Amino acid sequence: MTKSRQTKSMAFGLRLREAPAPGHDVEFELRPDDDELAHLVCCRDVTWRVAFCGARETSINPDAQVICTMCIEEANAMRPGFMDGTRIICPVDGNPCPDEREIDARIARESGQGSA
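These remarks concern the structure in this document. Residue positions are counted from 1 within each chain, in the order its sequence is given. Given that this is a predicted model, residues contribute local features only at a pLDDT of at least 70 and side-chain atom pairs are listed and counted only at 80 or more, while totals for whole chains, interfaces and linings are drawn from all residues. Excluding hydrogens and water, the side-chain figures rest on all heavy atoms present in the structure.

This part covers the overall build of the protein chain. Strands are runs of DSSP state E lasting at least 2 residues, helices are runs of H or I lasting at least 4, and numbering of each runs from the N terminus. Looking only at helices and strands, one finds three helices and five strands in the protein chain. Reading the protein chain from its N end, one meets helices and strands in the order α-β-β-β-β-β-α-α. Relative accessibility decides the category of a residue: with a 1.4 Å probe and only protein chains considered, values under 20% of the type maximum give buried, values over 50% give exposed, and everything between is partly exposed. Out of the 116 residues in the protein chain, the part that is buried amounts to 40%. Contacts in the protein chain between residues at least 24 apart in sequence constitute 66% of all its contacts with a sequence separation of at least 6. Carbon and sulfur atoms make up 50% of the accessible area of the protein chain, which totals about 6,400 Å². When checking whether two residues touch, look at their non-hydrogen atoms; a contact exists if any pair is within 4.5 Å. Exposure was quantified through the Shrake-Rupley algorithm and a 1.4 Å probe, taking into account, for residues, occlusion by the shown protein chains and nothing else.

By the element assignment, Ser111 lies in the segment after helix H3 (100-110). A polar atom in the side chain of Ser111 sits 2.8 Å from the backbone oxygen of Ile107. The residues touching Ser111, leaving out its near neighbours within four places in the chain, are Glu27, Phe28 and Leu30. Distance and chemistry together define a polar contact, namely a pair of N or O atoms within 3.5 Å, with one atom able to donate a hydrogen and the other to accept it when in protein, and with adjacent residues in sequence counting only for side-chain atoms on both sides.

Right, let's talk about the pattern of salt bridges for a bit. When the charged atoms of two side chains lie near each other, side chains of opposite charge can form a pair. Basic side-chain nitrogens of Lys or Arg form a salt bridge, by our definition, when they fall within 4 Å of a carboxyl oxygen of Asp or Glu. With the rule as written, the count across this model stands at four salt bridges. One salt bridge in this structure joins Asp99 and Arg101, with 3.9 Å as the shortest N-O distance. Classification of Asp99 by relative accessible area gives partly exposed; the value is 29%.

Looking at the secondary structure, you find Ile72 in helix H2 (residues 69-78). With a relative accessible area of 27%, Ile72 lands in the partly exposed category. For the pair formed by Ile72 and His39, sequence separation is 33 residues and the distance between their alpha carbons is 8.6 Å.

For the rest of this paragraph, the subject is H3. Turning to H3, its buried residues number three or more, namely Ile103, Ala105, Arg106, Ile107 and Ala108. Remark: Gly112 follows H3 within two positions and exhibits a positive phi of approximately 75°.

What is meant by a nonpolar core is a set of buried Ala, Val, Leu, Ile, Met, Phe, Trp, Tyr and Cys residues, joined one to another through side-chain atoms within 4.5 Å. Counting 22 residues, the largest nonpolar core has Leu40, Trp48, Phe52 and Cys71 as the members making the most contacts within it. Of all the secondary structure elements, the ones that give two or more residues to this core are strand S3 (37-40), H2 and H3. For Cys71, the residues in contact, after removing those within four places along its chain, are His39, Leu40, Ala51, Phe52 and Cys53.

It is worth spelling out the packing of aromatic side chains at this point. For this analysis, a ring pair means two rings from Phe, Tyr or Trp (six-membered ring only for Trp) whose centres lie within 6.5 Å, classed as stacked if their planes differ by under 30 degrees, edge-to-face if by over 60, and tilted for the remaining angles. Under the criterion given, the structure shown has zero aromatic pairs. Placement of a charge over a ring requires the Lys NZ or Arg CZ to be within 6 Å of the ring centre, with the centre-to-atom vector within 35 degrees of the ring normal. In this arrangement the basic side chain of Arg49 is found over the ring face of Phe28, its NZ or CZ atom lying 4.3 Å from the centre.

Here you go:
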């Protein structure tokens, strides 16, 4: 898997609307759009609602090409060089990020597209 694809696996698209209130369990909307800015979240986080930069989200964009600079800066501050190797290292816990299959399965669950 390429670094670019791994980064996109960690990201979801920016939507200019408010995320649901904490505790309000709503599925993410799947919105593929390669022209949309994406934010980074920890793949292992219980909820993907808040990005590293603090943005709150309600959608997942698997096609995003541009990643939020603030998210990259925050992740790099947490774990300098997290993207320097052949695999992305989790800025939160220092372990290798999950593979694409695991990320795709979580996206399917979070968006109500299946229980893969």
